[in-house]
Amino acid sequence: MGRMAGRRALLAVPVLLVVTFGVFAVAAASPFDPVKAYTGTAGLTASQENLDQIRANLGVDQPLVTRWWNWLTAALTGDLGDSAVLRQPVTDAITQRIGWSVLLAATAFLIAILLGTALGVLAARRQGGWLDRCASSAAYTLEAAPAFWLGLLAIWLFALKLGVLPAGGLTDTASDTVTAGQVATHLALPALVLGTTQLPWFFLYVRQGVADALDEDPVRGARARGLSERTVLLGHALRSGMLPMLTLIGSRVPELITGALLVETVFSWPGIAAATVQAATSVDFPLLAALTVLATAAVLLGNLLSDLLYGLADPRVGFDG
């Protein structure tokens, strides 16, 4: 396990280098002018000399390779630079927002895994039954549903029509303090929507895996020995059927991140979504590079986690192979 993690860490270094350079290359080719984004309406009346000075202060007058190298060497010392659009250090901008994004993504992922596993097992147990048909049809439909559309639909139903959950934000409008109760209430709807976008994949994988496991000889043998259906289903079929689902965890991380950005925007959740959008549209090099590295690292860690879980669940899989 340690060797595999070490190899993955070494391979992650060139990947992150290429990703960061790609961010600066794409930003350099972008039609958006970071100076105009920084100055706003004041830039319309500013002299060319002042604009050139601001361009030099932001470092965007330097060649692409120079900008990337300066950012990279500073980042290795812990200095991610200053965000021009947010007017604060990049480290502070990420620190203030990343916790809320992790809370939303982790809660949604947990909802998707638990509900997807439960529904998948029940559907596989009674293949062709009403639950299997209804859940499978809903899963295929939800696979094609955009996250922002589901978010708007959830706001219309639960916030506007039924009035049981708030439409967005982190706390109540009249509140000036953040409490656990308010956070949980405001988290429920975006987490449910984000989890729903991921649930179909886990449901379909578990359903197919458990259904295949139920037809295997070990499960038939367990039934022939007189074991209860519950023991056969949970102790034998579920463990075997869950193995393909473990590999799904890492592959869903990129879409989970993308979905989280959309859901955060729809529900005004104070995560990194707004910062990401502002960094992209304003060509904020330091912030854009840091957020991209963060997302890439999350994807790499997700893939490593899925491999580790698969190896732990199936001893026949070697970590050092």
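**Topic: the packing of helix α6 (residues 130-143) against helix α8 (residues 180-214)**
Right, so step 1: Put simply, α6 and α8 touch, their axes get as near as 9 Å, and they point 135° apart. Between α6 and α8, the angle falls in the class oblique. For the pair α6 and α8, the sense of crossing is left-handed. On α8, the residues touching D132, A135, S136, A139, Y140, L142 and E143 of α6 are T196, P200, W201, F203, L204 and R207.
Right, so step 2: The residue inventory of the contact of α6 with α8, partitioned by class, reads 8 nonpolar, 2 polar and 3 charged.

**As for unusual backbone geometry**
Right, so step 1: Positive phi is not limited to glycine here, since S268 has a value of about 50°.
Right, so step 2: Mapped onto the elements, S268 comes out in the loop between α10 (229-267) and α11 (273-281).
Right, so step 3: Residue classification places S268 among the exposed residues on the basis of a relative accessible area of 53%.

**Brief notes about the layout of surface pockets**
Right, so step 1: Space inside the largest pocket adds up to approximately 660 Å³.
Right, so step 2: Contributing to the lining of the largest pocket are 25 residues, with V102, A105, V253, I257 and A298 lying nearest its centre.
Right, so step 3: The dominant element in the lining of the largest pocket, judged by the number of residues it contributes, is helix α12 (residues 285-313), at 10 residues.
Right, so step 4: Class assignment for the residues of the lining of the largest pocket results in 20 nonpolar, 4 polar and 1 charged.

Rules used throughout
- Just so you know, the residues in each chain are numbered from 1, in the order the chain's sequence is written.
- Totals for whole chains, interfaces and linings use all residues, but because this is a predicted model, local features are given only for residues with pLDDT of at least 70 and pairs of side-chain atoms are given and counted only at 80 or more.
- Note that water and hydrogens are dropped before the side-chain values are worked out from all heavy atoms of the structure.
- Comment: axis = line fitted to C-alpha atoms, over the contacting stretch for helices; angle = value between 0 and 180 degrees taken between N-to-C directions.
- Segments assigned H or I by DSSP are reported as helices when at least four residues long, segments assigned E as strands when at least two residues long, and all are numbered from the N terminus.
- When describing relative orientation, an angle under 35 degrees is termed roughly parallel and one over 145 degrees roughly antiparallel, while 65 to 115 degrees is termed roughly perpendicular and anything else oblique.
- What makes a crossing left-handed is the near helix being turned counterclockwise from the far one by less than a right angle; a clockwise turn instead makes it right-handed.
- Here, two residues are considered to be in contact whenever any of their heavy atoms come within 4.5 Å of each other.
- Only Asp, Glu, Lys and Arg are considered charged in this grouping, and only Ala, Val, Leu, Ile, Met, Phe, Trp, Tyr, Cys and Pro are considered nonpolar; every other residue, Gly among them, is considered polar.
- The buried label applies to any residue whose accessible area, calculated with a 1.4 Å probe on protein chains only, is under 20% of its type's maximum; exposed applies above 50%, and partly exposed to all values in between.
- Buriedness of a pocket was judged along seven lines, with at least five required to meet protein on both sides within 12 Å; pockets are open sets of points on a 1 Å grid over the protein atoms alone, cavities are sets where a 1.4 Å probe fits but cannot get out, and lining residues have an atom within 4 Å of a point.
- Grid points are joined across faces, edges and corners, and a volume is the space filled by probe spheres set on the points.

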